[in-house]
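Breakdown of the fold
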Amino acid sequence: MNVPIRLELPTEFEVGTVNAWLFREPEPILVDCGVPGAASWQALTAALAAHNLTAADLQRVVVTHPHVDHFGLAHCLTEAGPAQVWIADLGADWLLYPQKKWQERIDYYRDVFLPQVGLPPEMQTLVLGFFQHMQATSVPVAAERLTTFRVGDELPLGGLAWQVLHMPGHASEMTCFYQPETRQFFSADMLLPRTPTPVVERPSDGKTRTPSLPIYMESLARVEALEIDEVYPGHGRAFSQHRELIRRQRQRIHQRQEEAYQLVAQGHHHLMEIVNRMYANRPLEARFAGMWMLLGYLDLLQAEGRLDYTLKDGLLYYFVVGG
Ligand SMILES: [Zn+2]
């Protein structure tokens, strides 16, 4: 069994560090590669040097999902050496046309999503400003340096064939890699020590948001069913006992979902009112991620038929079904 080496890279995000996983044999490759920027690049090259490698030795970087902390250095790696960037066809556009993808998300958030959730103007400015910063600093990967694979394919990693599994929820383009004989699993941000936020993405029609936490719960059940000895997550150390972790996370989600239900039942119908109660002790920036999570809880309640929502004066308005 070829165990990947964890290279821990800094990010400026709340999540802390991100992992790039290194296989040295049969050829040096990475699974994911950190955020863009000098600090991250320095950390990566130093970590490679500690294993007697340089960026020019890497033959491939395989990206689990198109979130910037997982592919940010892909472009730099292609400049530094022969590395080819591999990603599932689902997410390839984020690497090839990042400006266009960010613009679509910015337009959807500015025109549809942020006004509907009733985010205060200063928070809207903060969120859109962050997206614009991401857009301005993204560098595309050249098409000839990108190789796409598909869900169901087998990827050669560390001398073994790994199955590509589609695990939407945190990101609709999320892929995980599973090695059934050695029972190793690259969970990316699908299974982390802490439940990942269901990120609100631009829906394909530009209007109707896809409920992502119900989808995440389905993916979680599929991960639970896999026979896994060792999990290599996108953030944090490798771990085992994945079923125990999933059981705890599910419990926590049900508990928070119940809190959200009670708040709506008590007459808090707007998203921001509920966020400000459920995330009262969190700083303003963290409440935005809290809002993504809360939408997820409300989506679960809606799927269960206990809550529903409508638009009132352009704002999302939640109510108890039959209440
Ligand atoms: Zn991540």
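Residues numbered from 1 in each chain as written. Predicted model: local features only at pLDDT ≥ 70, side-chain atom pairs only at ≥ 80, totals over all residues.

1. Observations regarding the overall build of the protein chain
Which entries qualify depends on this criterion: We count a stretch as a helix when DSSP gives it H or I for four or more residues in a row; a strand needs E for two or more, and each element gets its number in order from the N terminus. A residue is called partly exposed when the number of other C-beta atoms within 10 Å of its own lies between 12 and 20, exposed at 12 or fewer, and buried at 20 or more, with C-beta atoms placed from the backbone. This entry defines residue contacts through backbone-placed C-beta atoms, with two residues in contact when those atoms are within 7 Å.
Looking only at helices and strands, the protein chain has 10 helices and 13 strands in total. For the protein chain, the spread of C-alpha atoms along the three principal axes comes to 65 × 40 × 35 Å. For the protein chain, the residues scored as buried account for 38% of the 323 residues in total. Summarising the internal contacts of the protein chain: among those between residues at least 6 apart in sequence, 62% fall at separations of at least 24.

2. Quick word on the sheet that holds strand β7 (residues 154-157)
Quick reminder of the rule: Two strands qualify as a pair provided DSSP detects at least 2 bridges between them. Lines fitted to the C-alpha atoms define the axes, with helices restricted to the stretch that makes contact. Angles between their N-to-C directions range from 0 to 180 degrees.
A sheet is described by the order of its strands in space; here 5 strands give the open sequence β7-β8-β9-β10-β11, paired in mixed fashion. Because the sheet does not close on itself, it has two edges, and the strands there are β7 and β11 (230-233). Neighbour to neighbour, the strand axes of the sheet diverge by 30° on average, direction disregarded. Bridging between β7 and strand β8 (residues 160-166) involves 4 bridges; their strand directions are antiparallel. Following the sheet pairing, E154 is matched in β8 by Q163.

3. A short note on the nonpolar core
How we decide: For the purposes of this analysis, a nonpolar core is taken to be any set of buried Ala, Val, Leu, Ile, Met, Phe, Trp, Tyr and Cys residues that are connected through C-beta atoms within 7 Å.
With 79 residues, the main nonpolar core has L30, C33, L44, V61, A74, C176 and L294 as its most contacted residues. Top element by residues in this core is helix α10 (residues 284-303). It accounts for 9 residues. The contact partners of A74, leaving out residues within four places of it in the chain, are C33, V61, V63, V85, L95 and V141.

4. Structural notes on the pairing of strand β13 (residues 315-320)
Bridge analysis of strand β12 (residues 307-312) against β13 gives 6 bridges, and the strand direction is antiparallel. Counterpart to Y309 in the pairing with β13 is Y318. Here β12 hands over to β13 after 2 residues, with D313 in that stretch at a positive phi of 50°.

5. Digging into the domain arrangement of the protein chain
Quick reminder of the rule: Domain delimitation follows an automatic or database domain assignment. By the convention adopted, Pro, Cys, Tyr, Trp, Phe, Met, Ile, Leu, Val and Ala count as nonpolar, Lys, Arg, Asp and Glu as charged, and the other residues, Gly among them, as polar.
When the domains of the protein chain are assigned, the result is domain 1 (5-97 + 140-240), domain 2 (98-136) and domain 3 (266-320). Averaged C-alpha coordinates put domain 2 and domain 3 at centres separated by 19 Å. Every contact between the two is made by 7 residues of domain 2 and, on the other side, 10 residues of domain 3. Secondary-structure elements contributing two or more residues to the side of domain 2 that touches domain 3 are α5 (98-117) and α6 (121-137). In terms of residue count, α5 provides more of the side of domain 2 that touches domain 3 than any other element does, 3 residues in total. Of the residues contributing to the side of domain 2 that touches domain 3, the split by class is 5 nonpolar, 2 polar and no charged.

6. Side note on unusual backbone geometry
Following E25, the chain continues to P26 via a peptide bond in cis, the omega torsion being -5°. Looking at the secondary structure, you find P26 in the loop between β2 (18-23) and β3 (29-31). Phi at A188 is positive, roughly 55°, even though this residue is not glycine. Looking at the secondary structure, you find A188 in strand β10 (residues 184-188). We classify A188 as buried; it has 27 C-beta atoms within 10 Å. A positive phi angle, near 60°, is found at Q241, a position not held by glycine. Along the polypeptide, Q241 turns up in the loop between β11 and α8 (242-265).

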